[in-house]
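Geometric and topological summary
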Amino acid sequence: MADKYTALATRVIHSGQGDHPHGSPYTPVYNTTTFRFANTAALEAVVEGRAQGNLYTRYGTNPTLQALEHTLADLEQAEAALAFTAGMAAISATLLTHGRAGIVCVGDLYGGTMEFLSHQCAALGIPVTWLLAGEQEQLPALLSQRPGQLVLLETPANPTLEILDIQVVAQQAHQHQALLLVDNTFASPVNQQPLTLGADLVVHSATKYLGGHSDLTAGAVMGSAALLKPLWSWRKNLGQTLAPETAALLSRSLRTLVVRVREHNRNAQQVAEVMAAHPRVKRVYYPGLADFPGHALAARQMRGFGGMLTLELAASRAETSAVADQLKLILLAPSLGGVESLATQPCTTSHHSLSPEERARRGISDSMLRLSVGLEDPADLIADIQQALAAVLADQ
Ligand SMILES: *Cc1c(COP(=O)(O)O)cnc(C)c1O
């Protein structure tokens with residue numbers, strides 16, 4: 001039976017696939033750095049852009065890479081996509097290409113992105129402004145001070161799962177000749193397509209849900225051909241093009257993306273509902289819970305609520321660490337989006353570099369435990385969390 005995901009399910013399997021040698025249903029791995037030509041005139045025609053052709057893999061002209069980029073563009077309903085060696089490669093190249101007039105960040109961002117903005121962008125003299133999600137009303141004034149800036153946001157954000165209204169921010173940005181860039185890693189394109197809500201560019205850490213098996217590092221940017229054209233030059237000359245072998249592995253992962261994310265959504269919802277009723281859990285941050293502050297907005301702009309959730313325990317920082325240490329099935333590791341469930345205590349990992357005051361200002365408490373809910377039986381995951389809570393907090 002057709003459901004809200006099925007059109008995408010068909011596209012991720014068949015997109016970008018044409019006729020291949022020997023009847024292969026998928027683009028083979030062209031593990032080559034270069035491509036030969038019949039004569040100098042043919043080579044020169046490709047170099048000068050008068051003829052289409054594969055030339056050199058770092059440029060991105062490699063069929064394995066192009067098949068992947070076709071699917072990546074399709075996933076976000078974009079005109080074009082570029083694949084990168086890592087999520088941070090995609091983000092840094094996008095900020096360097098389109099953020100040089102200034103970058104305005106709204107809400108919480110990935111730790112690596114914050115570090116790049118604070119250190120590398122600052123070193124290059126790129127003005128960076130930070131707004132909390134609750135300070136969004138200041139955005140129009142900030143954008144009007146300096147036209148042509150880049151607005152950057154993540155929704156759901158890490159680790160509070162706070163939801164921002166992409167449509168509203170896109171309108172505010174466009175009123176001031178600014179572009180909106182959304183890091184869509186947490187939601188995945190199965191659950192949310194920011195370009196259809198007015199964003200101009202989308203970035204992904206493909207290391208997470210797109211790869212989905214914790215076995216590859218990659219990144220992607222999706223948007224219009226016009227916005228991606230200058231980005232292509234930065235990628236080429238910074239040497240950030242994804243290797244064909246990894247591109248083929250990522251293409252394989254994308255064929256099961258819809259099935260995986262649908263199951264991540266189901267499992268996370270179950271874990272969230274059971275944990276919300278646990279006496280040692282003060283609060284569950286998950287957009288799929290009816291009493292979550294961003295629930296109504298998430299239900300409007302997302303197709304599913306995702307596999308990420310955060311538990312705030314009725315416990316001290318040390319006790320929360322002890323609970324994390326007691327988990328047996330759920331692995332203690334700083335990533336997300338894989339088939340195996342992972343846990344982290346944000347104050348010890350992703351938000352370790354922030355001062356306690358800054359964490360408090362951002363609503364990130366020391367007793368938070370962030371979970372990337374995997375594809376195990378949710379009953380086993382719930383039992384694992386329950387035994388860890390009981391081992392540390394039972395007799396209080
Ligand atoms: C992991 C992550 C990144 C960085 O991706 P890498 O592939 O590790 O470079 C960027 N944004 C978000 C939201 C992430 O979770």
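Whatever comes next refers back to the structure up there.
Residues numbered from 1 in each chain as written. Predicted model: local features only at pLDDT ≥ 70, side-chain atom pairs only at ≥ 80, totals over all residues. Heavy atoms only, no water.

1. Here's the deal with the site of the ligand
Selection criterion: We define proximity as follows: a residue is near a molecule or strand when any one of its heavy atoms falls within 4 Å of that partner. Any pair of nitrogen or oxygen atoms within 3.5 Å is treated as a polar contact; in protein, a donor-acceptor pairing is required on top of that, and neighbouring residues in sequence qualify only through side-chain atoms on both sides. The accessible surface values rely on the Shrake-Rupley method and a 1.4 Å probe; as for residues, cover is taken only from the protein chains in view. Think of it this way: any DSSP run of H or I at least four residues long counts as a helix, any run of E at least two long counts as a strand, and we number them from the N terminus. Polar here means any residue other than Ala, Val, Leu, Ile, Met, Phe, Trp, Tyr, Cys and Pro, which are nonpolar, and Asp, Glu, Lys and Arg, which are charged; Gly is therefore polar.
Around the ligand, the structure places 14 residues, and the nearest of them are M88, D183, S205, T207 and K208. G87 is positioned such that a nitrogen or oxygen atom in its backbone is 2.9 Å from an oxygen atom of the ligand. Residue M88 places a main-chain N or O atom 2.8 Å away from an oxygen atom belonging to the ligand. For the ligand, the protein covers 91% of the area, taking 380 Å² as the surface of the free molecule. Broken down by element, the shell around the ligand gets its largest block of residues, three residues, from helix α4 (residues 87-98). Grouping the constituent residues of the shell around the ligand by class yields seven nonpolar, four polar and three charged.

2. Brief notes about the pattern of salt bridges
Spelled out, the test is: Criterion for a salt bridge: a side-chain nitrogen of Lys or Arg within 4 Å of a carboxyl oxygen of Asp or Glu. Remark: exposure states derive from per-residue accessible area (1.4 Å probe, protein chains only) relative to the maximum for the residue type, with buried under 20%, exposed over 50%, and partly exposed in between.
On inspection of all chains with the given rule, the structure shows ten salt bridges. R266 serves as the salt-bridge partner of E263, at 2.9 Å between the closest nitrogen and oxygen. Here E263 pairs with R266, and both are found in helix α11 (residues 257-276), just three residues apart, close to one helical turn. Exposure remark for E263: the relative accessible area of 32% places this residue in the partly exposed category. A salt bridge links E358 to R361, with the nearest nitrogen and oxygen atoms 3.0 Å apart. One end of the pair, E358, and the other, R361, are both in helix α14 (residues 356-361), three residues apart, so they sit about a helical turn from each other.

3. Overview of the sheet that holds strand β9 (residues 308-313)
What counts, and what does not: At least two bridges found by DSSP between two strands is the condition for calling them paired. Here a residue-residue contact requires only that any non-hydrogen atoms of the pair lie within 4.5 Å. As a rule, the C-alpha atoms of each element are fitted with a line to give its axis, helices using only the stretch in contact, and angles between N-to-C directions run from 0 to 180 degrees.
In spatial order, the strands read β8-β9-β12-β11-β10; together these five strands make up an open sheet with mixed pairing. Looking along the sheet, the strands with just one partner apiece sit at the ends: β8 (281-285) and β10 (331-332). The pairing of β10 with strand β11 (residues 342-344) spans two bridges and is classified as parallel. Counterpart to L332 in the pairing with β11 is A343. Contacts between helix α13 (residues 317-326) and the sheet are confined to β9, β10 and β12 (368-372), with β12 contributing the most and set at about 30° to the helix.

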